[in-house]
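Spelled out, the chains give:
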Amino acid sequence: MAEKIRVTVWSEYILEKEYEHIAAIYPSGIHEAIADIYREEAEFEVRAVTLQMPEQGLSQEILSQTDVLLWYGHMVHEQVEDEIVERIKKRVWEGMGLLLLHSSAQSKVFDRILGTTGEVRWREIGEKERVWVIDRSHPIVQGLPMYFDIPHSEMYGEPFEIPAPEELIFISWFAGGDVLRSGCCYHRGAGKVFYFGPGHEEYPIYYQKEIRQVMKNAVRWAAPGRGVQVSFGKTDALEEVEIFSPR
């Protein structure tokens, strides 16, 4: 039997407790709604954690037991401790996958791992978002149509301060005329990183079947494989070499 992919879903869990209309959509928190996507499939082992938990939900032990981390930050990026961000960065370099969702583009995690601010133009009027598949052969788009519509979404639009994607697999068009690179893949160290734009907490986006398919596919893609074992630092020569010293 194949080993399960160990998934950890992190969110702040603040707005759901402060606003009734958000709690009505995500009564157990957006982190639990996202975790439920993976609980549908036996191949995933899932835990959901929040900012309020000890060590902000991400102890060394939890991260060491995580194959793919999903990050949903929104209102209090500055409250995430730098030590936690460094832990995440180290684990990504070691091979842990990372999914950065929606407004997590402005988080410390995004900045520290991808190297840019993630600043974006935005508008929140509940307009339609049309998500177009750009790379139809990519593992993250499998099972999707050529495009799909999100009835109501928060607009994130270009210019978008992100590194040029290594693989661009989605672009979004909004009813107001804006566009966004909304599905972007990167590699950092041994880890895979995916940014996915849709997901504002005031709309039931994470219940939509196409979104759920993307999320499952993305975790499968980002999960670490066996890979090649490497070493760094001073090393012995692989072949016999005549030693030369200038002194």
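A brief report on the enclosed structure follows.

Quick notes on the rules
- Residues numbered from 1 in each chain as written.
- Predicted model: local features only at pLDDT ≥ 70, side-chain atom pairs only at ≥ 80, totals over all residues.
- Heavy atoms only, no water.
- Pairing = 2+ DSSP bridges.
- Helix = DSSP H or I, 4+ residues; strand = E, 2+ residues; numbered from the N terminus.
- Axes fitted to C-alpha atoms, helices over the stretch in contact; angles between N-to-C directions.
- Contact = heavy atoms within 4.5 Å.
- Expected span 1.5 Å × (residues − 1).
- Buried < 20%, exposed > 50% of the residue type's maximum accessible area, 1.4 Å probe, protein only.
- Salt bridge = Lys/Arg side-chain N within 4 Å of Asp/Glu carboxyl O.
- Core = buried A, V, L, I, M, F, W, Y, C linked by side-chain atoms within 4.5 Å.

A separate point is the sheet that holds strand 1 (residues 5-11). Within the open sheet, the 9 strands sit side by side as 2-1-3-4-9-8-7-5-6. Their pairing is mixed. In this open sheet, the two strands that pair with only one neighbour each are strand 2 (44-50) and strand 6 (147-160). Strand-to-strand, the axes of this sheet are offset by a mean angle of 25°, without reference to chain direction. Where strand 7 (residues 167-174) lies against strand 8 (residues 179-188), 6 bridges are found, and the strand directions are antiparallel. Across the sheet, the residue bridging to Phe-170 is Gly-183, located in strand 8. Helix 5 (residues 82-94) rests against strand 3 (68-72), strand 4 (97-101), strand 8 and strand 9 (191-196) of the sheet, and its axis sits at about 120° to strand 9.

In a regular helix each residue adds 1.5 Å, so 14 residues correspond to 20 Å; helix 7 (residues 209-222) covers 20 Å between its end C-alpha atoms and thus fits that length. For helix 7, the buried fraction is high: 11 of the 14 residues fall into the buried class. Every buried residue of helix 7 is accounted for by Glu-210, Ile-211, Arg-212, Val-214, Met-215, Lys-216, Asn-217, Ala-218, Val-219, Trp-221 and Ala-222.

Attention shifts here to the pattern of salt bridges. Enumeration according to the criterion identifies 21 salt bridges in this entry. In this structure, Arg-130 and Asp-149 form a salt bridge, with 2.7 Å as the shortest nitrogen-oxygen distance. Pair noted here: Arg-130 is in strand 5 (residues 120-133) and Asp-149 is in strand 6, with a separation of 19 residues, a long-range link. Salt-bridge contacts for Arg-181 lead to Glu-158; the nearest nitrogen and oxygen are separated by 2.8 Å. With Arg-181 in strand 8 and Glu-158 in strand 6, this residue pair connects regions lying 23 residues apart in the sequence. Look at Arg-181 and you get partly exposed, because its relative accessible area is 21%. Three or more residues joined by partner-sharing salt bridges are found here, namely Asp-82, Glu-86, Lys-89, Lys-108 and Arg-112.

Within helix 3 (residues 30-39), 7 of the 10 residues are buried, which leaves the element mostly enclosed by the surrounding structure. Buried residues of helix 3: Ile-30, His-31, Ala-33, Ile-34, Ala-35, Ile-37 and Tyr-38, and no others. Residues of helix 3 that are buried make contact with strand 1, helix 1 (15-18), strand 2, strand 3, strand 4 and helix 7.

The next subject is the nonpolar core. Soluble globular proteins tend to bury their nonpolar side chains together. Counting 41 residues, the largest nonpolar core has Ile-34, Tyr-38, Leu-70, Leu-99, Phe-170, Phe-194 and Met-215 as its most contacted members. For this core, the element with the highest residue contribution is helix 7, accounting for 7 residues. Setting aside anything within four residues of it in sequence, one finds Ile-34 in contact with Val-9, Leu-70, Tyr-72, Leu-101, Tyr-206 and Met-215. Listed in part, the 34 residues of the second largest apolar core include Leu-58, Ile-84, Tyr-156 and Val-193.

Most peptide bonds take the trans form, and the phi angle of most residues other than glycine is negative. In this chain, Glu-158 is followed by Pro-159 through a cis amide linkage whose omega measures 5°. Tracing the chain through its elements places Pro-159 in strand 6. Even without a glycine there, the phi angle at Glu-55 is positive, about 55°. Among the structural elements, Glu-55 can be located in the loop between strand 2 and helix 4 (60-64).

Here Arg-87 shows up in helix 5. Under the relative-accessibility criterion, Arg-87 is labelled buried at 9%. Beyond its immediate sequence surroundings of up to four residues, Arg-87 is in contact with Glu-55, Leu-58, Ser-59, Gln-60 and Leu-63.

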